[in-house]
Every structure is written in structure tokens, then in C-alpha cells.
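Chain by chain, the residues run as shown.
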Amino acid sequence: LPLLRNISDSREAEGEKLLRPTDQFFKDSGVSFRSVICLLLGGIYYVVLHATTNGSSVCSVDINVAEESETLWQTIGQIIDWAFDAAEKATLAS
């Protein structure tokens, strides 16, 4: 358990380096970018777990198939773009 906690803490520290620069952009926008990333990461972990442990798909998406994996990555990019667009629109509206 201590090893897993150490890995988790290290992952969080590295993630903080990536997320900290976005805090100011999303401040007062009504968009919680950290929550968006949290949900994306959880979903990615879940899909990868199913694909690697039993070769199954999630919502008929099988990341073991190259085209489906690429579509999933493109969709993740779209979600991140939507978060930025929503924050920008909220900032411009205020």
C-alpha cells in the first residue's frame, strides 16, 4: 500500500504541474477544468482496464482496434476543447 500511495502522490504532483497553468484561465468561468480532467482520467483508466484485462469494449468502443482507439483520443481532445471554449465564452460574456 505505501508503494501505491507513493505512485499516486507522484502522479498527482506531476499532474499539478500541468493543471496549475490552467487555473487562471478557468477562474470564475463556471467550468471546473480539474473536474473535467478528473472525469476523463477516470474514464480512460476504466476503458484501458477493461481492454487490457479481458479484451472487452465499453459502450461498444474497443480500444484494441486502432480506429476506435484513435476516435476515442480525438473525442477526448474535443471534450478538452469544449471546456476551453465554454470558459472563454463565459469570460467574454461577463
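Please refer to the structure placed before this passage.
Residues numbered from 1 in each chain as written. Predicted model: local features only at pLDDT ≥ 70, side-chain atom pairs only at ≥ 80, totals over all residues. Heavy atoms only, no water.

Asker: Help me out: how do you make sense of a nonpolar patch on the surface in this one?
Answerer: Together, L1, L3, L4 and I7 line one region of the surface with nonpolar side chains, adding up to about 490 Å² of accessible area. Mapped onto the fold, L3 is located in helix α1 (residues 2-26). (Patch = residues over 30% accessible without salt bridge, like charges linked within 9 Å, V, L, I, M, F, W, Y side chains within 5 Å. Areas by Shrake-Rupley, 256 points an atom, 1.4 Å probe, with all protein chains shown as cover. Salt bridge = Lys/Arg side-chain N within 4 Å of Asp/Glu carboxyl O. Helix = DSSP H or I, 4+ residues; strand = E, 2+ residues; numbered from the N terminus.)

Asker: Sorry, what's going on with the nonpolar core here?
Answerer: The nonpolar side chains of a soluble globular protein tend to be buried with one another. Judged by nonpolar contacts, L19, F26, V31, F33, V36, I37, L40, I44, I76, A83 and A87 together constitute the single largest core of eleven residues. Listed by contribution, the elements that provide at least two residues to this core are α1, α2 (33-53) and α3 (66-93). In terms of residue count, the dominant contributor to this core is α2 (five residues). Ignoring sequence-local partners within four residues, the contact set of F26 consists of V31, F33, A83, F84 and A87. (Core = buried A, V, L, I, M, F, W, Y, C linked by side-chain atoms within 4.5 Å. Buried < 20%, exposed > 50% of the residue type's maximum accessible area, 1.4 Å probe, protein only. Contact = heavy atoms within 4.5 Å.)

Asker: What's the story with the pattern of salt bridges in this structure? I'm lost.
Answerer: Working definition: two side chains of opposite charge can pair if their charged atoms are close together. Evaluated as defined, the whole model comprises five salt bridges. Its salt-bridge partner being D23, residue R34 comes within 2.9 Å of it at the nearest N-O pair. Note that R34 is positioned in helix α2 and D23 in helix α1, a separation of eleven residues in sequence. Taking relative accessible area as the criterion, R34 reaches 30% and is therefore assigned partly exposed. Because the salt bridges share partners, they merge into one network encompassing E16, R20, D23 and R34.

Asker: Even after reading the chapter, I still don't get α3, so can you show me in this structure?
Answerer: Residue pairs spaced three or four apart in an α-helix point in one direction, given the helix's 3.6 residues per turn. Relative to the 40 Å expected for 28 residues at 1.5 Å per residue, α3 spans 40 Å between its end C-alpha atoms, a close match to the ideal helical length. Taken together, the buried positions of α3 are S69, I76, A83 and A87. Check the buried side of α3 and you find it contacts α1 and α2. (Expected span 1.5 Å × (residues − 1).)

Asker: In this structure, what is going on with unusual backbone geometry? I would like to understand it.
Answerer: Residues apart from glycine generally show negative phi values, whereas peptide bonds are mostly found in trans. In this structure, C59 is a non-glycine residue whose phi angle is positive, near 55°. Within the element layout of this structure, C59 appears in the loop between α2 and α3. Look at C59 and you get exposed, because its relative accessible area is 74%. In the Ramachandran plot, S60 falls in the positive-phi region, its phi being about 65° despite a non-glycine side chain. Classification of S60 as exposed rests on a relative accessible area of 66%.

Asker: I keep staring at α2 and nothing clicks. Help me out?
Answerer: For α2, which comprises 21 residues, the first-to-last C-alpha distance of 30 Å matches the rise-based estimate of 30 Å (1.5 Å per residue) to within 8%. Buried residues of α2: F33, V36, I37, L40, I44, V47 and A51, and no others. Mapping the buried residues of α2 onto a view down its axis gives an arc of 100°, with all of them on the same face. Residues C38, L39 and T53 are exposed on α2 and point more than 90 degrees away from its buried face. Lining the buried residues of α2 we find α1 and α3. Note on α2: the residue one or two positions beyond its end, G55, has a positive phi of about 70°. (Arc of directions from axis to C-beta.)

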